[in-house]
Amino acid sequence: MDLFSRSWTALRAAVAGLEGGQWAQPSGCTGWLVQDLVFHLVIDAQDVLITLVTPTDAEPDMDAVTYWQPADLPTGVDAEAAFVRRGAAAYRDADGLRHHFDDLAGAAGRAAAAADPARRVETTDRVITIADYLGVYVVEWTLHHLDLVAHLPEVAGPPAEGLAYTRQVLEKFAGTTIGDRLDDTDALRVVTGRRAPTEAETAALGTLAARLPLVLG
């Protein structure tokens, strides 16, 4: 719960500090500007709120790792990507989008803090404990925080503990460790296809390099 809060607080602070032309900069998500990514985070916050008030007595059938499924590398031209771009463009200005995000993000954070970690909830027609569900969103927030700052080096990135946790989840998803010559930020960006590995990184990744990218869907 604490790691979810720290990751979410850091991402919210990064969005709150965006200025002027930063909203129109490319993000680390193919085909999305920073403003598009923030609109996607609005949808994420809504999903958190919906899931936390969808309890069930059924047994969990997934956890913070098995929630994720292999996916194709985004192209930026699919229907969902287009919807996100239209949604972001519909706001009167960046302040309107920032305010909507902040309202929903604050509510999602409060709901998570008040939730019982052992409680079970439904999402995507499956069952997961709240503790594991919030772990899923540590990964989501961390990767999208990296996307937010991909072309904004002046904006603070995700907290170190969120990066380390996300790396652990990615290694369990892959069924192998990531070479320790890659720091957490580089490991996450390279392994998930957010950038191509250098020759040295390819060598450090060993057999895992042939399986890249590992896209979490």
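This text follows the structure it describes.
Residues numbered from 1 in each chain as written. Predicted model: local features only at pLDDT ≥ 70, side-chain atom pairs only at ≥ 80, totals over all residues. Heavy atoms only, no water.

**A closer look at the packing of aromatic side chains**
- Taken as a whole and judged by the stated rule, the model has 8 aromatic pairs.
- On the numbers, 6.1 Å between centres and 55 degrees between planes, the contact of Phe 4 with Trp 141 is tilted. Of the two residues, Phe 4 is situated in helix 1 (residues 2-16) and Trp 141 in helix 5 (residues 130-148); the sequence distance between them amounts to 137 residues. Here Phe 4 matches Trp 141 in class, with each residue buried.
- The structure contains a cluster of three or more aromatic residues connected by ring pairs, namely Phe 4, Trp 8, Phe 101, Tyr 133, Tyr 137 and Trp 141. (Phe/Tyr/Trp six-rings, centres within 6.5 Å; stacked < 30°, edge-to-face > 60°. Helix = DSSP H or I, 4+ residues; strand = E, 2+ residues; numbered from the N terminus. Buried < 20%, exposed > 50% of the residue type's maximum accessible area, 1.4 Å probe, protein only.)

**Observations regarding the packing of helix 5 against helix 7 (residues 184-191)**
- Contact geometry of helix 5 with helix 7 gives a least axis separation of 11 Å together with a crossing angle of 90 degrees. The angle between helix 5 and helix 7 falls in the class roughly perpendicular. When helix 5 is examined against helix 7, the residues Thr 142, Leu 143 and Leu 146 are found in contact with a partner set consisting of Thr 185, Leu 188 and Arg 189.
- When grouped by side-chain class, the residues that make up the contact of helix 5 with helix 7 number 3 nonpolar, 2 polar and 1 charged. (Axes fitted to C-alpha atoms, helices over the stretch in contact; angles between N-to-C directions. Parallel < 35°, antiparallel > 145°, perpendicular 65-115°, else oblique. Contact = heavy atoms within 4.5 Å. Nonpolar A, V, L, I, M, F, W, Y, C, P; charged D, E, K, R; others polar.)

**Brief notes about the side chain of Thr 56**
- Here Thr 56 is to be found in the loop between helix 2 (34-52) and strand 1 (70-71).
- Looking at Thr 56, its side chain comes within polar contact range of the main-chain nitrogen of Ala 58, at 3.1 Å.
- Among all residues touching Thr 56, those that are not within four sequence positions of it are Arg 120, Val 121, Glu 122 and Val 127. (Polar contact = N/O pair within 3.5 Å; in protein donor to acceptor, adjacent residues only side chain to side chain.)

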